[in-house]
Amino acid sequence: MLKEKVKLVQDSLIDFRIHNPFPKYQDREKWGSIPQEVSKPILEAANMYLNYSWGTLPPTRYMDFFRDGNRTRFEAIYFLRRTVLGSLVLAECIEGKGRFLDDIINGVWLVCEESSWVLPAHNYGLILPDINRKIIDLFAAETGSLLSWIHFLLGSEFDKITPIITARIQHEIKQRLINPYLTENYFWMGFNIQPGSSVGNWNPWINSNCLTAFLLIEESKEKKLAGIEKIMNSLDIFLDGYFADGGCDEGPSYWNRAAGSLFDCLELLILSTDGAVDIYNEELIKNIGRYIYRVNIFENYFVNFADGDAKGWPDPAVTYSYGRRISDPKLMNLGKRAFRGLLKERRLADQHFSLFRILSALFCAPDLLSPNPEGEAVYERDSWLDGIQVMVARQHENGSGLTLAAKGGHNAEQHNHNDVGNFVIFSNGLPAIIDVGVESYTAKTFSSRRYEIWTMQSSYHNLPTINTYQQCAGRTFCANDVIYQVNPDIVDFSLDISKAYPAEAQIVYWHRRFFFERSKEPYIKILDSFQLTGEPVEICLSLMTPCSVELSLPGKMLFKTSDQVVLSMEYQEEILSPRIETLLISDERLTPIWGNKLYRILLTTSSKINSGTWELIFSEKG
């Protein structure tokens with residue numbers, strides 16, 4: 001798709017040192033035009049960093065990952081450095097008085113002095129960085145991009161002090177990113193990928209930042225063109241891994257860095273070729289963008305299958321600008337809502353501080369702040385992503401009433417959880433039956449011990465455990481006989497999840513059917529019908545919820561938030577006996593979403609069985 005456009009790059013490439021993609025520091029009029037409600041919190045944040053004490057990144061913190069698996073102690077210091085540096089740069093560009101320049105120079109020099117920009121978790125098993133081994137990981141590339149944009153914005157101001165600063169930035173980026181990119185074939189580039197495999201978010205994420213470095217730092221046109229051509233070929237491999245529906249099997253959190261970073265690449269290519277390289281008319285590219293609002297449940301809640309967070313805004317500039325490129329009002333609408341939501345939270349940047357995205361947001365802030373047209377649809381009532389086998393259905397297009405999301409797929413997806421047949425239910429925008437998500441990453445998360453982690457296991461999803469057997473990881477552990485049907489009143493989604501379990505579970509079939517009646521008295525019915533071989537066994541169905549659960553009557557549960565009934569569930573008490581388990585949560589990634597506790601409902605068969613049918617009926621009735 002992109003490699004067909006390489007000749008256009010050769011003919012149309014613009015020098016960003018002459019034609020500016022954004023206003024530089026000297027363009028005081030444009031920097032002064034940023035709305036005050038956007039610029040004020042940036043200045044307030046940066047004022048806290050004046051005369052900043054940068055602290056150290058001791059090697060023993062790097063070694064933590066290999067000693068006890070902890071990632072966060074090192075990463076907290078590492079990412080804070082970049083956040084502080086980026087905040088100071090933005091504030092100086094907005095204010096233009098030179099107050100922040102010395103602190104910026106300190107930060108730039110300190111980052112250039114780091115032995116490695118690679119995280120311990122990505123250091124190919126080495127306990128400390130080997131400066132002779134040129135590794136490009138996600139955050140080496142992010143750091144190179146950050147310095148590239150700082151060089152672009154403030155290079156002339158640095159040169160007034162000494163040209164040594166810009167020369168040092170150029171040297172480090174060439175040594176750590178540009179030169180190794182041209183000579184090495186890293187796994188994330190995809191050039192050695194096995195047939196039938198796909199590359200994940202590393203590909204566009206790193207490529208977008210390396211593309212930035214080539215465009216802003218590399219002076220040689222020959223090297224620049226070679227790098228861009230290699231990046232375009234690599235991105236094509238990423239696109240080859242997508243189904244036509246554009247679904248991101250890594251989940252909505254990673255859409256920001258899969259689809260979102262693809263968008264960064266496409267924007268940089270458009271900007272650097274004066275629009276000559278443009279593939280936004282391709283239906284696949286449009287669907288990759290649309291995915292994020294198709295799985296948006298309500299406000300900043302999303303369908304978070306895989307290693308996704310249930311709550312959090314996508315990048316506003318990416319989302320809005322992607323929507324504008326493909327003429328999609330719903331995607332633009334989500335970008336505006338995200339911008340307003342993040343402004344309210346007083347944070348326009350994540351810990352990675354991607355300056356390209358922040359600059360895009362600042363200079364389209366008036367558009368992002370403009371109201372959406374009255375009556376414009378915010379959500380899609382029905383979404384079916386047949387490639388990744390994910391469905392989302394709402395009672396009403398405005399997000400009120402019941403919302404159901406469910407999945408088939410397989411257990412070797414990117415950032416996989418063992419969750420074939422899992423589902424979530426929201427009521428009037430509030431979570432009732434949930435996918436917990438994932439805890440903070442550790443050494444175990446991406447190791448052979450991944451499925452020892454509770455959040456990855458099927459018994460902590462809304463799924464059955466059969467005679468203690470849970471689902472297994474692997475491509476062959478998958479859904480079969482998947483059927484999706486929809487009309488204005490009814491959504492009917494069914495699948496057989498038996499192949500997701502090991503042979504020892506002795507399942508002949510396990511048919512799970514989701515039936516969503518949306519007419520006068522809406523309800524969601526989950527119907528499980530199964531046959532096992534061998535002796536009768538105990539079966540336990542798990543349901544995860546953030547709500548307190550009240551066993552109000554035999555065969556009925558109420559799900560409550562702040563003493564308000566969010567959802568009710570009817571079940572067959574003659575077949576299933578309930579027990580409520582409290583899970584105390586202390587993980588720093590989960591607590592902002594769910595608080596300090598969750599509940600696991602365990603519906604266990606009253607007697608041992610080897611065949612049967614049961615149904616769970618969810619409604620808003622108290």
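Refer to the structure printed above.
In this report, we go over the structure that sits alongside the text. Not measured: the values here are computed from a predicted model.

It is worth spelling out the overall build of the chain at this point. Of regular secondary structure, the chain possesses 18 helices and 21 strands. The C-alpha atoms of the chain give 26 Å as radius of gyration, which agrees with the globular expectation for 622 residues (25 Å, within 12%). Dimensions of the chain, computed from the C-alpha atoms along their principal axes, are close to 80 × 55 × 50 Å. In the chain, which comprises 622 residues, the proportion classed as buried is 58%. Surface summary for the chain: the accessible area is close to 24,300 Å², and the carbon and sulfur share equals 49%. Distance between charge centroids for the chain: 3 Å, based on 62 positive and 77 negative side chains.

When you tally the buried positions in strand β12 (residues 490-496), you get 6 out of 7 residues, the bulk of the element. Sheet topology places strand β11 (residues 480-486) next to β12; 5 bridges connect them, and they run antiparallel. In the strand pairing of β12, Ile 483 is matched with Ser 494. The hairpin formed by β11 and β12 contains 3 residues between the paired strands.

Let us look at the layout of surface pockets. Which parts of space are left empty comes out when a probe the size of a water molecule is rolled across the atoms. When its volume is computed, the second largest pocket comes out at roughly 560 Å³. Along its surface, the second largest pocket is lined by 24 residues, and Ser 198, Gly 241, Phe 243, Asp 249 and His 410 are the ones closest to its centre. Of all the secondary structure elements, the ones that give two or more residues to the lining of the second largest pocket are α10 (221-240) and β10 (474-478). For the lining of the second largest pocket, the residue count by class is 9 nonpolar, 10 polar and 5 charged.

The next subject is the sheet that holds strand β17 (residues 556-561). Spatially, 8 strands are ordered β11-β12-β13-β14-β21-β18-β17-β16 in an open sheet, and the strand pairing comes out antiparallel. The two strands at the open ends of the sheet, each matched to only one other strand, are β11 and β16 (548-553). When the angles between neighbouring strand axes are averaged without regard to direction, this sheet yields 15 degrees.

The next point concerns unusual backbone geometry. With a phi close to 60 degrees, Arg 346 is a non-glycine residue in the positive phi region. The residue Arg 346 is located in the loop between α15 (329-344) and α16 (355-363) in this model. Of note, the phi angle at Asn 467 is positive, near 55 degrees, even though the residue is not glycine. Among the secondary structure elements, Asn 467 is positioned in the loop between β9 (464-466) and β10. A relative accessible area of 35% places Asn 467 in the partly exposed class.

Right, let's get into helix α6 (residues 101-113). Count 3.6 residues to each turn of an α-helix, and residues three or four apart come out pointing the same way. With 13 residues, α6 ought to run about 18 Å at 1.5 Å a step, and its terminal C-alpha atoms sit 18 Å apart, in line with that. For α6, the elements touching its buried residues are α5 (72-95), α7 (138-161) and α8 (164-183).

Turning our eyes to something else, we now look at the side chain of Ser 427. With respect to the helices and strands, Ser 427 occurs in strand β7 (residues 423-427). Separated by 2.9 Å, the side chain of Ser 427 and the backbone oxygen of Val 566 make a polar contact. Residues within four places of Ser 427 in sequence aside, it is in contact with Gly 401, Leu 402, Val 566, Leu 567 and Glu 620.

Turning our attention to the packing of aromatic side chains. The tally for this structure, following the rule as stated, stands at 36 aromatic pairs. Ring geometry for Trp 510 and Trp 614: centres 5.9 Å apart, planes at 70 degrees, overall edge-to-face. With Trp 510 in strand β13 (residues 507-517) and Trp 614 in strand β21 (residues 611-619), the pair connects residues that are 104 residues apart, well separated along the chain. Residue classification places Trp 510 among the buried residues on the basis of a relative accessible area of 0%. For Trp 614, a relative accessible area of 1% corresponds to the buried category. Ring geometry for Phe 515 and Tyr 523: centres 6.4 Å apart, planes at 35 degrees, overall tilted. Judged by relative accessible area, which is 17%, Phe 515 ranks as buried. Members of the aromatic cluster, each reached through a chain of ring pairs, are Phe 22, Trp 31, Trp 149, Phe 152, Phe 356 and Phe 363. The ring of Tyr 78 carries the charged tip of Arg 82 above its face, separated from the ring centre by 3.5 Å.

We now examine the state of the cysteines. Taken as a whole and assessed by the stated rule, the structure comprises 0 disulfides. With no disulfide of its own, Cys 112 lies closest to Cys 210 among cysteine sulfurs, the gap being 16 Å. Not engaged in a disulfide, the cysteine Cys 478 finds its nearest cysteine sulfur in Cys 472; these two sulfurs lie 12 Å apart. Its relative accessible area of 14% is what places Cys 478 among the buried residues.

Ordered by their spatial adjacency, 5 strands build an open sheet running β3-β4-β5-β7-β8, and the pairing between neighbours is antiparallel. Of all strands in the sheet, those bounded by a partner on one side alone are β3 (382-385) and β8 (430-433). This sheet shows a mean twist of 15 degrees between the axes of neighbouring strands, independent of strand direction. Here strand β5 (residues 402-407) runs beside β7; their pairing, made up of 5 bridges, is antiparallel. Along β7, the bridge assignment pairs Ala 405 with Val 424.

Cut-offs used in this document
Residues numbered from 1 in each chain as written. Predicted model: local features only at pLDDT ≥ 70, side-chain atom pairs only at ≥ 80, totals over all residues. Heavy atoms only, no water. Helix = DSSP H or I, 4+ residues; strand = E, 2+ residues; numbered from the N terminus. Rg over C-alpha atoms; globule rule 2.2 N^0.38 Å. Buried < 20%, exposed > 50% of the residue type's maximum accessible area, 1.4 Å probe, protein only. Areas by Shrake-Rupley, 256 points an atom, 1.4 Å probe, with all protein chains shown as cover. Lys, Arg positive; Asp, Glu negative; His and termini not counted. Charge placed at Lys NZ, Arg CZ, Asp CG, Glu CD. Pairing = 2+ DSSP bridges. 1 Å grid on protein atoms, 1.4 Å probe; cavity = no way out; pocket = protein on both sides within 12 Å on 5 of 7 lines; lining within 4 Å. Points joined across faces, edges and corners; volume = space filled by probe spheres on them. Nonpolar A, V, L, I, M, F, W, Y, C, P; charged D, E, K, R; others polar. Axes fitted to C-alpha atoms, helices over the stretch in contact; angles between N-to-C directions. Expected span 1.5 Å × (residues − 1). Contact = heavy atoms within 4.5 Å. Polar contact = N/O pair within 3.5 Å; in protein donor to acceptor, adjacent residues only side chain to side chain. Phe/Tyr/Trp six-rings, centres within 6.5 Å; stacked < 30°, edge-to-face > 60°. Lys NZ or Arg CZ within 6 Å of the ring centre and 35° of its normal. Disulfide = S-S within 2.5 Å.

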